[in-house]
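# Observations on the three-dimensional arrangement
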Amino acid sequence: MIKKDVIIVGGGAAGFFAAINIAEQNPKLKVVILERGKEGLQKVRISGGGRCNVTHAEFVPSELVLNYPRGEKELLGPFHQFMTGDTIDWFEKRGVELKIEDDGRMFPITDSSKTIIDCFLNEAKKHKVEVLYNQSVTSLSPRTQSRGFEISTKDSIYTCEKLLIATGSNPKIWSLLEDLGHTISQPVPSLFTFDIKDERIKDIPGVVAQNVEVKVLGTDLVSEGPLLITHVGMSAPSILKLSAFGAIELAKRHYKFQIEVNFIRQSFEDCLDILKELKHELAKKTVYKSTQFELPKRLWHKLVLASNMDQDTRWANLNKSQLEDLASQLTQAVFKVDGKSTFKEEFVTAGGIDLKEINFKTFESKLHNNLYFAGEVINVDAVTGGFNFQNAWTGAYIAAKSISE
């Protein structure tokens with residue numbers, strides 16, 4: 001039996017961040033990370049296309065929490081304790097400078113996730129954190145005779161006073177935590193793109209409409225932002241936000257539903273009025289060739305052809321029905337979604353330990369003393385843009401503070 005003071009299960013972002021902070025704040029503690037893979041920090045490696053989207057430049061806690069479909073209420077207090085600015089400061093003190101991109105995402109100035117991984121590995125070594133790989137945990141149990149926990153892996157048994165679980169979306173660990181009495185909210189995918197087969201978006205992948213509004217019909221789900229047409233359907237922030245905030249609802253519908261897209265963020269009536277004016281102003285020109293509303297040319301062509309006209313139809317010749325059809329395509333185009341695809345490498349799951357069973361002042365279990373959680377093992381998830389990592393840093397830091405005291 002191998003005795004340690006603190007065991008962290010999971011060698012990902014939250015696990016390493018917690019371990020380093022515990023060892024730094026209380027050097028007397030023997031801290032070990034048990035990682036099931038042959039190397040850790042895999043999500044850090046692939047995040048942001050291999051650049052590692054460390055956090056997001058949002059510095060107001062009440063604004064930051066709005067990016068969490070699950071966890072918005074619970075994270076407000078924790079973000080007052082450890083926030084974006086603290087994350088930036090933490091990395092800078094260890095020689096890692098971050099930069100802000102136009103969309104608010106923050107990356108190391110090297111544009112390489114290796115910078116973050118090297119920082120963690122160096123800090124872990126410096127503070128004598130032991131990292132053990134190929135250690136898949138097979139059982140967890142509170143020790144009956146004394147405080148703490150017993151943890152079995154396939155080839156060792158460990159005991160510790162304090163245990164932190166940072167395993168992300170790991171069904172095996174969730175199952176072990178259920179055995180300890182914790183409730184697990186059923187995991188469903190979050191952050192995915194929509195599969196859509198439709199003549200209006202066929203053969204124009206890569207086209208971006210910069211500022212659209214998208215609604216899921218039959219629900220109150222609505223979002224705004226850029227929309228990207230892909231080989232299989234639609235993506236970009238407007239779609240990803242819907243997939244995150246609608247994760248549970250869309251899973252219930254087996255990813256078959258309809259969306260309504262307003263490509264120009266104007267009402268049908270206002271759009272119709274503008275089109276009627278254009279009918280006079282551009283009378284001799286063809287509708288097909290005179291792109292309006294700052295839409296991408298290829299998208300305008302598709303919407304025009306979907307409005308019962310051809311490439312040679314002139315503005316002067318538009319009848320009432322064609323004007324209304326075009327206004328409808330621009331402001332209330334309905335598309336049928338039939339399935340989902342993972343967004344790049346961002347595989348995020350909605351689900352995990354029920355938030356009511358966690359004390360968010362310390363990230364400690366309300367059911368077992370000295371059992372802590374950080375990262376996506378709990379039922380918190382965010383939209384894309386560095387927010388999931390910020391949740392990992394915040395939870396890991398607060399748990400570390402409580403453990404090291």
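Rules used throughout
Residues numbered from 1 in each chain as written. Predicted model: local features only at pLDDT ≥ 70, side-chain atom pairs only at ≥ 80, totals over all residues. Heavy atoms only, no water. Salt bridge = Lys/Arg side-chain N within 4 Å of Asp/Glu carboxyl O. Helix = DSSP H or I, 4+ residues; strand = E, 2+ residues; numbered from the N terminus. Buried < 20%, exposed > 50% of the residue type's maximum accessible area, 1.4 Å probe, protein only. Pairing = 2+ DSSP bridges.

Another aspect to go through is the pattern of salt bridges. One pass over the full model with this rule turns up 23 salt bridges. Across the pair glutamate 130 and lysine 4 runs a salt bridge whose closest N-O atoms are separated by 2.8 Å. One end of the pair, glutamate 130, is in strand 6 (residues 130-132); the other, lysine 4, is in strand 1 (residues 2-9), and 126 residues separate them in sequence. Assessed through its relative accessible area of 32%, glutamate 130 is described here as partly exposed. Judged by its relative accessible area of 14%, lysine 4 falls in the buried class. For glutamate 123, the salt bridge identified is with lysine 126, shortest N-O distance 3.9 Å. Highlighted residues: glutamate 123 and lysine 126, both in helix 6 (residues 113-126), separated by three residues, approximately one helical turn.

Moving on, we get to the sheet that holds strand 4 (residues 98-100). Strand order in the open sheet made by the three strands is 3-5-4, with antiparallel pairing throughout. Among the strands making up the open sheet, the edge pair consists of strand 3 (55-56) and strand 4. Two elements, strand 3 and strand 5 (residues 105-108), share two bridges in a ladder whose sense is antiparallel. Bridging from a neighbouring strand, histidine 56 pairs with arginine 105 of strand 5.

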